[in-house]
Amino acid sequence: MRFMVIVKANQDTEAGKMPTTEMLAAMGKFNEDMARAGVIEAGEGLHPTVKGARVRYSASGPGVTRGPFSLSPDLIAGFWLIKTVSLDEAIDWMKRAPFEPGSEIEIRQVFSAEDFGEAFTPELREQEERTRAHAARK
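As the structure is a computational prediction, the values presented were derived from the model and not from experiment. Numbers given to residues run from 1 along each chain, matching the order in which its sequence is written. Local features are withheld for residues below a pLDDT of 70 in this predicted model, meaning they are given only at 70 or higher, and side-chain atom pairs are given and counted only at 80 or more; totals for whole chains, interfaces and linings count all residues. The basis for every side-chain value is the complete set of heavy atoms in the structure, and neither hydrogens nor water enter the calculation.

1. Some details on the pairing of strand 1 (residues 2-8)
At step 1: Burial of strand 1 is extensive: five of the seven residues sit out of reach of the surface.
At step 2: Here, a strand pair is defined by DSSP locating no fewer than two bridges between the strands. For helices the rule is a DSSP run of H or I covering at least 4 residues; for strands it is a run of E covering at least 2, with both sets numbered from the N terminus onward. Both strand 1 and strand 6 (residues 105-109) contribute to a ladder of five bridges, which runs antiparallel. Among the inter-strand pairings, V5 is bridged to a residue of strand 6, identified as I107. Relative accessibility decides the category of a residue: with a 1.4 Å probe and only protein chains considered, values under 20% of the type maximum give buried, values over 50% give exposed, and everything between is partly exposed.

Right, here's the structure in full:
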């Protein structure tokens, strides 16, 4: 199973405060541990929302709002994409993450092709495979 681990934003991340050398080292070790175990597929930190934008779709067309956005529980500061055999294993890994007290993450399962059932036709599966293969070559 694949999971996206969402690291929630806070006042420091939204202010653009960078982690300390000690935090970077601890996070690097944690990422190495996950890599050795074959768990991590990707992981990145995100710039604050002041450097971002939102696109909202409506009947009259898309509208764009540029950041910064108000600090709220839906803001994201970073993510991992991990692969484990279960949600419990994902939770066990994330309990080891070197976050400071007050930090918060969210773990969400990523859909797989099988989750879409018959609606995901053989033609759509082939299209998806081509898209992934093309992206992997870049």
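2. Regarding the sheet that holds strand 1
At step 1: Strands sit in the order 2-5-1-6 across an open sheet of four strands; the sheet is antiparallel. Strands with a single pairing partner mark the edges of an open sheet, and in this sheet they are strand 2 (40-45) and strand 6. Each strand axis lies, on average, 15° off the axis of its neighbour in the sheet, ignoring direction. For helices, the fitted line uses only the C-alpha atoms of the stretch in contact; every axis is such a line through C-alpha atoms, and the angle between N-to-C directions lies from 0 to 180 degrees.

3. Structural notes on the nonpolar core
At step 1: Remark: nonpolar core denotes a set of buried residues (Ala, Val, Leu, Ile, Met, Phe, Trp, Tyr, Cys) joined through side-chain atoms within 4.5 Å. F30, M34, W80, I82, W93 and M94 are the most contacted members of the largest nonpolar core, which has 18 residues in total.
At step 2: Ranked by residues supplied to this core, first place goes to helix 2 (residues 21-36) with four residues.
At step 3: We call two residues in contact whenever any of their non-hydrogen atoms come within 4.5 Å of each other. Apart from the residues lying within four places of it in its own chain, the contact partners of M34 are V39, I40, W80, I82, W93 and M94.

4. So, the packing of aromatic side chains
At step 1: Centres within 6.5 Å make a pair out of two Phe, Tyr or Trp rings, where for Trp the six-membered ring is used; the pair is then stacked when the planes are under 30 degrees apart, edge-to-face when over 60, and tilted otherwise. Taken as a whole and judged by the stated rule, the model has five aromatic pairs.
At step 2: A ring pair is formed by W80 and F99, whose centres lie 6.0 Å apart and whose planes are at 70°; its orientation type is edge-to-face. With W80 in strand 5 (residues 76-83) and F99 in the loop between helix 3 (87-95) and strand 6, this pair connects stretches of sequence that are 19 residues apart.
At step 3: Owing to a relative accessible area of 5%, W80 belongs among the buried residues under this scheme.
At step 4: Overall, F99 belongs to the partly exposed group, its relative accessible area being 29%.
At step 5: One aromatic cluster is present, built from ring pairs that chain together F30, W80, W93 and F99.
At step 6: Criterion for a charge above a ring: Lys NZ or Arg CZ within 6 Å of the ring centre, and within 35 degrees of the ring normal. Between the NZ or CZ atom of R54 and the centre of the ring of F69, over which it lies, the distance is 3.9 Å.

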